[in-house]
Amino acid sequence: MSDEEKKNAGILDDIKNATVENVMKKFETSTNGLSSNEAQKRIEKYGLNQLEEKKRNPVLQFLSYFWGPIPWMIEIAAALSLGLQHWVDFIIIVILLGFNSIVGFFQEHQATSAIEALKKNLALKAKTKRDGKWQEVEASKLVPGDIIKVRLGDIIPADVKFIEGDYASVDQAALTGESLPVSKKVGDVGYSGSTVKQGEMNAVVVATGEKTYFGRTAKLISKAGAKSHFQEAVLHIGDFLIFTAIGLVILLVLAELFKGASAGTLIEFALILTVASIPVAMPAVLSVTMALGAVALSKMKAIVSRLQSIEEMAGMDILCSDKTGTLTQNKLTLQEPIPLGNNDSQSLVLMGALASKEEDEDLIDLAIINGLKDKSVLEKYEQIKFIPFDPVNKRTEATIKEKETSKTFRVTKGAPQVIAKMCNLNDKDKKNVESKIEELATKGIRTLGVAKSVDGQKWELLGILPLLDPPRPDSAETIKRAKEHGIEVKMITGDNIAIAKEISKELSLGMNIHRASEFFTGDVEKGHLPSHIIHQVEQADGFAEVFPEHKYEIVKALQQGGHIVGMTGDGVNDAPALKEADTGVAVSGATDAARAAASLVLTAPGLSVIINAVEEARKIFERMNSYVIYRIAMTLSIMFFVVASMIMFGFYPLTAVMLILLSLMDDVPIMTIAYDNTWLDPKPVRWQMKRIISVSTILGLFSLIETFGMLLITMKWLGLPKSMVETALFLQLVAGGHLLLFVARTKKNFWTRPGPSAPLFWAIVGTQIVALLFAGFGILMPAIPWYLVGLIWAYNGAWMFLNDGIKRMVYSFIGHTADYHRRFIDRSRGSLHSHGSRN
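Asker: What am I meant to see in the nonpolar core here?
Answerer: Note that soluble globular proteins tend to have their nonpolar side chains buried in a common cluster. One finds Ile310, Leu654 and Phe730 to be the most contacted residues of the largest nonpolar core, which totals 124 residues. The element best represented in this core is helix 23 (residues 607-649), accounting for 24 residues. Ranked by size, the runner-up nonpolar core spans 30 residues in total, among them Ile534, Ala557, Leu558 and Met567.

This is the structure we're talking about:
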């Protein structure tokens, strides 16, 4: 531990042992918090509440692109060209080296900027008291002396000392290794990065940023730049192609040396061929495509916390959606109160309002408070103590003091079954309450019970508060759209089964709604569900009376059924399910803990945001897919053509300069792949490397035949000299390669919509014009007649249609094979399910 770290640890130990009054005095603050001006001064003094990220020097970052296996090959080739006094080769090789470095630097900058933008969107917020008023600020703007409020689901944004409140149960396992949450009370210290599991307290910030006990703040994005399974697999293919290219080059060098070729010229050519053939830009292209796709998603109000979650979203086939706020409007309105006994409607609403806390901005609390005809009546009472809602107890409770008489009493509101149980009702009253709840539930109306206690022991049920949360106007249409995309939506709600069925009916989700406890009773060990239960879970349209732990079990059951599962959530107790799901979705307004566990964070409410995100994810996936197919096909085609023609025909089919120009012209359109329009697959898409290899290998094989065809036409039919044959083959590879990109970019016919994006189209047109001018006017190569330029283009145009037809046939064959296997698996699973149910 450094002296600075020892000093910081010592300060925190002093704060632990100090009284609240002494700590407040030390940081020159009060329960009213700091002023905005003072907070700004302290930011200048203490710095932002974040770790200083070491940023790479842009000059050194750019120079790094001249260091590594690929740059070394180019640099050795340049040195050999210089030694052999091949001046044109040398200049073009240096241009290639510079161009590759600029492209790599630019693409990395794009990806880094995109990830930084995502981090800003997912930055933690904190509720702090500034200028005497509670307000939300970025956690990075907190300073020592700030008064903050932490509550259920919050990630504590700095080291703090608790100064007000009853208690807070804090999970600091990730920081201290303690397996159980620790109960905090006034005077205790809370650590940055720990999570509030229960309770609500006010605290004073005592350390920020690198001065915190653990020297770091909680971060929502820990793996924003991590590679997906798809990228990892593609990089393995890239390695395979590199080794294949090197193997073929070694074979070529040995064969040519045996024939007595010049070693220097041959090695120079071999190095350039290797660089021109292997997919050097593949990792950068995929990173940029993913990163720019993530930025596009953020503009659609869906922020990915990890780039690899884009792949998981694209493959999602079941979405378990919360009812409240996702399928419904989350705009609760208080309906006609139902008082019991001698109570009237407004006194019932008043007691419910006293069991609420307006500053917490909870939607249920605000709906009840707004139900008061005269809010000034609240001024007659003082809320001495407040216990917020938590998913376990399912109620709030407050201790109230009546100002005029100084009498105190307690009020509580929450799930009517929970409140009724506290009141020890007789059978008649119990049945009466249950019938009212059931009657309202059949109309899709939620209910809350309200009770009062004078002594804190005996509770009196005052009545029922009905709350209406109608379905969102776009929910039914969005669910229909989801089904068209091959996504089954299952409703998840904590409400009773009658409410769930009514909402499900309105949204045309289906009426096969089950209580979660029917399947998940705790008798079955998690992760080992029998097949018949998995089948029933798959067949269900939704689940009612769901507790947070049920969500985890629902996800596990569906995953065991072979599904890629999405799960929405907003609370701290939803975090395990969100983390377990293939796509955990933190809905708009979710707690910090839920956002930290989720792979997709929504900043706008509604199911349509999720479905829009899935559509965009599939487009991103398709762009990467089509690029990889094209790149593999072209690598195989170029390598095998050059090596085979040199060994078979005994001449260089392309000069070193032509290979360098070919590499440069290939890089230009590839840079625009991330912006391409793409076909939206109507079904979930998954990584299928066998399909990618099959399609790309067959396209590469036919491209090889196409290029050999042009070689035979120019050599045998037209009888051109070898120098003009080389130019013709250069134009052939540029034109044929880029037209193959048009073919590979879609599973459909290349002329169907959506067509290529403007950047991709004009990048290809531009490079084609440059290649045509080089060949026609003899720039850096022997000129060929214009009739031959036209012939090459006509030849490639015909092959474009042929390659497109071959591609369609391959996809059709793969599709039929996949359907057969799918039907076989479904029949097998159906047999297992029926056998399991009989057992």
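Moving on from the model shown.
Asker: Is there a simple way to think about the pairing of strand 20 (residues 565-569) in this case?
Answerer: Moving residue by residue along a regular strand, the side chains alternate between the two faces of the sheet. Buried residues dominate strand 20, accounting for five of its five residues. Note: strand 9 (residues 318-322) against strand 20, three bridges, orientation parallel. Note that in strand 20 the partner of Leu319 across the bridge is Gly566. With four bridges joining them, strand 20 and strand 21 (residues 583-586) adopt parallel strand pairing. Following the sheet pairing, Gly566 is matched in strand 21 by Thr583.

Asker: Mind showing me how you'd approach the sheet that holds strand 19 (residues 542-544) here?
Answerer: Hydrogen bonding along the main chain pairs the strands of a sheet, whether they run parallel or antiparallel. Read from one edge of the open sheet, eight strands run 8-22-21-20-9-17-19-18, paired in mixed fashion. The open sheet is flanked by strand 8 (302-304) and strand 18 (513-515), the only strands paired with a single partner. For this sheet the average axis-to-axis angle between neighbouring strands, irrespective of direction, equals 20 degrees. Bridge count for strand 21 against strand 22 (residues 600-602) is two bridges, and the pairing is parallel. Residue pairing for strand 22: Ala586 is matched across the bridge by Val601.

Asker: For this particular structure, what's the right way to read the packing of aromatic side chains?
Answerer: Geometry of an aromatic ring pair is reported as the spacing of the ring centres plus the angle between the planes. In total, this model carries 10 aromatic pairs according to the counting rule given. With a centroid separation of 5.3 Å and 75 degrees between ring planes, the pair formed by Phe777 and Trp786 is classed as edge-to-face. In this structure Phe777 comes out as exposed when scored by relative accessible area, which is 55%. Taken together, Phe742, Phe761 and Trp762 form an aromatic cluster joined through their ring pairs. Over the ring of Trp134 we find Lys149, and its NZ or CZ is 4.7 Å from the ring centre. Positioned above the aromatic ring of Phe409, the side-chain terminus of Lys452 is 4.6 Å from the ring centre.

Asker: I would appreciate a short explanation of a nonpolar patch on the surface in the present structure.
Answerer: On the surface, Val88, Ile769, Leu773, Phe777, Ile779, Leu780 and Trp786 cluster together to form a nonpolar patch covering roughly 630 Å² of accessible area. If one sorts the elements of the nonpolar patch by residue count, helix 27 (residues 758-777) sits on top with three residues. Given the relative accessible area of 46%, Ile769 is considered partly exposed.

Asker: Is there a simple way to explain the packing of helix 25 (residues 689-717) against helix 26 (residues 722-744) in this structure?
Answerer: To characterise two packed helices, one gives the angle between the axes of the helices and the distance between these axes. Between helix 25 and helix 26, the least distance of the axes is 10 Å, while the angle of their chain directions is 150 degrees. On the basis of the axis angle, helix 25 is roughly antiparallel to helix 26. In the packing of helix 25 onto helix 26, the handedness of the crossing is right-handed. Every residue of helix 26 that contacts helix 25 at Leu699, Ser703, Glu706, Thr707, Met710, Leu711, Thr714 and Met715 is listed here: Val725, Ala728, Leu729, Gln732, Leu733, Gly736 and Leu740. In terms of residue class, the contact of helix 25 with helix 26 is made up of nine nonpolar, five polar and one charged.

Criteria and thresholds
Residues numbered from 1 in each chain as written. Predicted model: local features only at pLDDT ≥ 70, side-chain atom pairs only at ≥ 80, totals over all residues. Heavy atoms only, no water. Core = buried A, V, L, I, M, F, W, Y, C linked by side-chain atoms within 4.5 Å. Buried < 20%, exposed > 50% of the residue type's maximum accessible area, 1.4 Å probe, protein only. Helix = DSSP H or I, 4+ residues; strand = E, 2+ residues; numbered from the N terminus. Pairing = 2+ DSSP bridges. Axes fitted to C-alpha atoms, helices over the stretch in contact; angles between N-to-C directions. Phe/Tyr/Trp six-rings, centres within 6.5 Å; stacked < 30°, edge-to-face > 60°. Lys NZ or Arg CZ within 6 Å of the ring centre and 35° of its normal. Patch = residues over 30% accessible without salt bridge, like charges linked within 9 Å, V, L, I, M, F, W, Y side chains within 5 Å. Areas by Shrake-Rupley, 256 points an atom, 1.4 Å probe, with all protein chains shown as cover. Salt bridge = Lys/Arg side-chain N within 4 Å of Asp/Glu carboxyl O. Parallel < 35°, antiparallel > 145°, perpendicular 65-115°, else oblique. Left-handed = near helix turned anticlockwise from the far one by under 90°. Contact = heavy atoms within 4.5 Å. Nonpolar A, V, L, I, M, F, W, Y, C, P; charged D, E, K, R; others polar.

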